[in-house]
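# Secondary and tertiary structure notes
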Amino acid sequence: MALTLPTHSSPTVIPLRRTPKPTLRRANHRVCVASGGAPLLQVNDLRAKIVESNVEILHGVNLTVNQGEVHAIMGKNGSGKSTFAKVLVGHPDYEVTGGSVVFKGENLLEMEPEERSLAGLFMSFQSPVEIPGVSNDEFLVMAYNARRKKLGLPELGPLECFSYLMEKLELVNMKPDFLNRNVNEGFSGGERKRNEILQLAVLGADLAILDEIDSGLDVDALRDVSNAVNRILTPEKSLLMITHYRRILDLLNPTHVHVMDKGKIARTGDISMVEAIEADGYETVST
Amino acid sequence: MSGIALSPAALSPVIPNRIRKLRPKASLHAQQAFTSDPYVLELAETLEESLPSSPSTPLPLHNLRHASSEALLSTPWPSRRHEPFRFTDLSFIRQSRILPVHLPPAVYAGALSALSSPSLLQRVSQLLSQFHHHDIFWSINGIAAPDLTLIYVPENCHVDNPIHLHYTPPHATTPTPNTMHLSNPRVLVIVEKGAHVQITEEFSNENQNHPYWTNAAFEAVIGEAANLTHSYIQTQSFRAAHIKWTSVRQESSSTYKLTEVSSGGKVGRHNLHIQQLGPHTVTELSTLHLSVGDQTQDLHSSLVLDHPRGYSRQLHKCIVTHSQGQAVFDGNIKVNRYAQQTDAGQLTRSLLLEPRATVNVKPNLQIVADDVKCSHGAAISDLEQSQLLYFQARGIDINTARRVLIFAFGGEVIDKFPNSSIRDKVRSQIKTLLDPSSDSSSL
Ligand SMILES: Nc1ncnc2c1ncn2[C@@H]1O[C@H](COP(=O)(O)OP(=O)(O)O)[C@@H](O)[C@H]1O
Ligand SMILES: [Mg+2]
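This write-up is about the structure you can find in this document.

Conventions adopted
Residues numbered from 1 in each chain as written. Chains lettered and ligands numbered in written order. Predicted model: local features only at pLDDT ≥ 70, side-chain atom pairs only at ≥ 80, totals over all residues. Heavy atoms only, no water. Donors = N, O, S within 2.8 Å, 3.2 Å for Na, K, Ca; no water. Helix = DSSP H or I, 4+ residues; strand = E, 2+ residues; numbered from the N terminus. Near = heavy atom within 4 Å. Polar contact = N/O pair within 3.5 Å; in protein donor to acceptor, adjacent residues only side chain to side chain. Areas by Shrake-Rupley, 256 points an atom, 1.4 Å probe, with all protein chains shown as cover. Core = buried A, V, L, I, M, F, W, Y, C linked by side-chain atoms within 4.5 Å. Buried < 20%, exposed > 50% of the residue type's maximum accessible area, 1.4 Å probe, protein only. Contact = heavy atoms within 4.5 Å. Buried area = accessible area lost by both parts, 1.4 Å probe. Salt bridge = Lys/Arg side-chain N within 4 Å of Asp/Glu carboxyl O. Axes fitted to C-alpha atoms, helices over the stretch in contact; angles between N-to-C directions. Parallel < 35°, antiparallel > 145°, perpendicular 65-115°, else oblique. Left-handed = near helix turned anticlockwise from the far one by under 90°. Nonpolar A, V, L, I, M, F, W, Y, C, P; charged D, E, K, R; others polar. Arc of directions from axis to C-beta.

### Topic: the coordination of the magnesium ion (ligand 2)
Donor atoms from the polypeptide that coordinate the magnesium ion (ligand 2) comprise A:Ser82 (OG) and A:Gln126 (OE1), at 2.1 Å from the metal. Of this pair, A:Ser82 sits in helix H2 (residues 81-89) while A:Gln126 is found in the loop between strand E6 (121-124) and helix H4 (136-150), placing the two residues 44 residues apart along the sequence.

Shown next, in the form of structure tokens:
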């Protein structure tokens, strides 16, 4: 399993000088060649139920994300988008009842949630939980050190991490006092979303799944968040965002757009499908 | 037997004197062959001035001070040029402003039997008679307490340095089977009108497996608008019985804040009784009980609100990590008829981390008054799945996540200790108990 740390915070400068194909790199938007990279995530006929109630929510999801691709999943409330994302990170509320998920050539479903994270899978939660009594910086240092340990690097003390964290805070346009607050405790909706992106900035990812990262964000916050995502995820990294809105799609330029309906991917297309959805709702595209 | 060690800050109820001013003499000596160090002279003078003058300094103490002050006149501050300090640099002391640490002169902290002031003795008897019989352990302490440690803070006196009462257990002589040493320390705190003081009681242990019985009693009278901040830490041996009474009487507009963390004892039982004597009182009680072995932690508290516009908050938290561990909480808050516009809150939360661990909680808010704001709640749970997943989803393994979350649960109470050195100390004690394999600094 390969794992990379986000060492370059601003990847946009170098490619312009060094590579003859700047269009393959992200300048200000991510521009990718469709299906250029190797398969990163392969989901095949994935079925999952809620452990507590035994109700099946995912009824056979199929999806492939290749290296460097940007995917978007849209779909009605309650269609199973968040459940899909949470099943991928190994949330204990759900049990996989069928199908397979391969991530970087490995069986993802056999991995513990922390192993999935260390393997390079990141998900920003639609509703991140509050963790009273644990400060944001303590949490970030722990998570960052878990990653360093996995890479065989020495763990760092809180002071040694400080400048690294400050750099990441700046990237998401957050104030330093954010670090002293308890994780998500008393955070506004927008602050929670920024905090998820801060974690992505600190940890990096080969595949970032952003579950409604744009909901509840004002225009400025949305711009901060998309700028940060564009800078954190270098062109060979992949992105899977779940959203209801066009604004973030325009900022992050998906190569593939999927519509989820009743626990399945009902349709796949490109950005042009979004216009049809905006005009006529999900009914026309999912049938 | 348990003794009470007062911290150095508390060790100056001694009645000192001032021999003379050093300054004139110093300039006299300056012209002579041997040199006086102006820094040392100034330090000596500051120290002499910080001691209250009294005619009745005992002769040996008087002589000690006299001889020492003579010696300091011709002693320079040690520097690296002095052979005994060649490798030890003390200049950073010299570069600091030195402030003598003393209790204010009118504060008394010491044995009741050593108290000579008749008026103070009379005040003590008057106040002591107002405490009623509580239970058998209270009375056992009452007949057996060899002396009474008195902390007396006169009107409007603000004591800046916390007073630390350290109770050490009896020394481990090889215990014969079925015997227990019993000690009965007793403390009386009088905080007169408008005065402020912080008191820490620490019951420690020297040997985790030594059986003994500590039967302690602590009484406090808090005068009008006075303030007592009380910290109580109990880490006695896992074979000890620790029984403790805390009985507090609060005059109007006074404030009493108690923070307790108990993790020791085979049985730890805290009886806490607070009686309000006038309106506008503030009472804040926070307790963390931890049972990591075959042990019981028990808090029985009663708070009686009899007067208008009182404010009280009680937070009880317990963590039981052992299948034979137990926590007990019986918390009674009575809001009586005249206690209108009282704001009383009570919350108990238990974390049971073993399937067979038990907790018996009986939060109990009895309200007779009708115009009051009262809230209470009780929750017993394991750790939250969704919180654990959040850690894991960021690459943190589940054991670390559990440890951090358990500790954060208790941290809410530990954070309430007013003193940062106590907070740090208790944090590391609790970390070690929750995860004996870890070195506590790595969390
Ligand atoms: N942990 C859970 N407990 C109970 N019901 C759940 C749980 N997770 C998801 N569901 C249900 O599954 C369906 C899909 O939910 P979700 O995946 O959150 O939809 P979406 O994100 O597309 O809006 C909804 O009906 C939701 O109520
Ligand atoms: Mg959702």
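### A look at the site of ligand 1
All names here are of chain A. The immediate surroundings of ligand 1 are formed by Ile-50, Ile-57, Lys-76, Asn-77, Gly-78, Ser-79, Gly-80, Lys-81, Ser-82, Thr-83, Asp-93 and Tyr-94. At a separation of 2.8 Å, an oxygen atom of ligand 1 approaches a polar backbone atom of Gly-78. In the model, an oxygen atom of ligand 1 is placed 2.9 Å from a nitrogen or oxygen of the Lys-81 side chain. About the coverage of ligand 1: the protein hides 61% of its 560 Å² of free accessible area. Top contributing element to the shell around ligand 1 by residue count: H2, with three residues.

### What about the nonpolar core?
Judged by nonpolar contacts, the single largest core of 112 residues is most densely connected at A:Val43, A:Phe84, A:Ile197, A:Leu207, A:Leu210 and B:Phe391. Looking at this core, the element that brings in the most residues is helix H8 (residues 398-414) of chain B, giving nine residues. With residues up to four places along the chain from it excluded, the contact list for A:Leu210 reads A:Ser124, A:Ile197, A:Leu200, A:Val229, A:Leu239, A:Leu240, A:Met241 and A:Ile242. Counting residues in hydrophobic clusters, the runner-up holds 40 residues, among them B:Leu103, B:Tyr256, B:Leu299 and B:Ala344.

### Focus: the interface of chain B and chain A
Where interface size is quoted, it is often the accessible area lost as the parts come together. Listed by partner, the interface residues are 17 residues for chain B and 30 residues for chain A. The junction of chain B with chain A conceals about 1900 Å² of combined surface from both sides, 70% of it contributed by carbon and sulfur atoms. When the buried area of chain B at its contact with chain A is split by residue, B:Leu389, B:Tyr390 and B:Arg394 rank highest and sum to 41% of it. For the pair chain B and chain A, the number of links is one salt bridge. In this structure, B:Arg394 engages A:Glu196 in a salt bridge whose closest nitrogen and oxygen atoms are separated by 2.8 Å. At the junction of chain B with chain A, the criterion picks out ten residue pairs in polar contact (both at pLDDT 80 or more). Looking at the side of chain B that touches chain A, the elements that each hand over two or more residues are helix H7 (385-392) and H8 of chain B. Element by element, the count of residues in the side of chain B that touches chain A is highest for H7(B), at seven residues.

### Structural notes on the pattern of salt bridges
Side chains that carry opposite charge are capable of pairing whenever their charged atoms lie near each other. Inspection of every chain in the model, using the stated rule, returns 30 salt bridges over all chains. Between B:Arg313 and B:Asp343 there is a salt bridge, with its nearest N and O atoms 3.1 Å apart. Of the two residues, B:Arg313 sits in strand E15 (residues 311-320) while B:Asp343 sits in strand E17 (residues 343-352), which places them 30 residues apart along the sequence. Residue B:Lys317 pairs with B:Glu412 through a salt bridge whose shortest N-O separation is 2.5 Å. With B:Lys317 in strand E15 and B:Glu412 in helix H8, this pair connects stretches of sequence that are 95 residues apart. The class of B:Lys317 is buried, set by a relative accessible area of 2%. Look at the salt bridges and you will find they share partners, linking A:Asp45, A:Arg47 and A:Glu56 into a network.

### Concerning the packing of H7(B) against H8(B)
A pair of packed helices is characterised by two quantities: the angle between their axes and the separation of those axes. All names here are of chain B. Relative to each other, H7 and H8 sit at 125 degrees, their axes nearing to 9 Å. Here H8 runs oblique to H7, going by the angle between their axes. You can see that H7 and H8 cross each other, and the crossing is right-handed. Across the interface between the two elements, Gln-387, Leu-388, Phe-391 and Gln-392 of H7 pack against Ile-398, Ala-401, Arg-402, Val-404 and Leu-405 of H8. When grouped by side-chain class, the residues that make up the contact of H7 with H8 number six nonpolar, two polar and one charged.

### A word on helix H9 (residues 272-280) of chain A
All names here are of chain A. Taken residue by residue, H9 has Met-273, Val-274 and Ile-277 as its buried positions. The buried residues of H9 occupy an angular sector of 105 degrees when projected down its axis, which confines them to one face. Turned more than 90 degrees off the buried face of H9, the exposed positions are Ala-279 and Asp-280. Just downstream of H9, Gly-281 is the residue with a positive phi angle, here 85 degrees.

The analysis is restricted to geometry; functional conclusions fall outside its scope.
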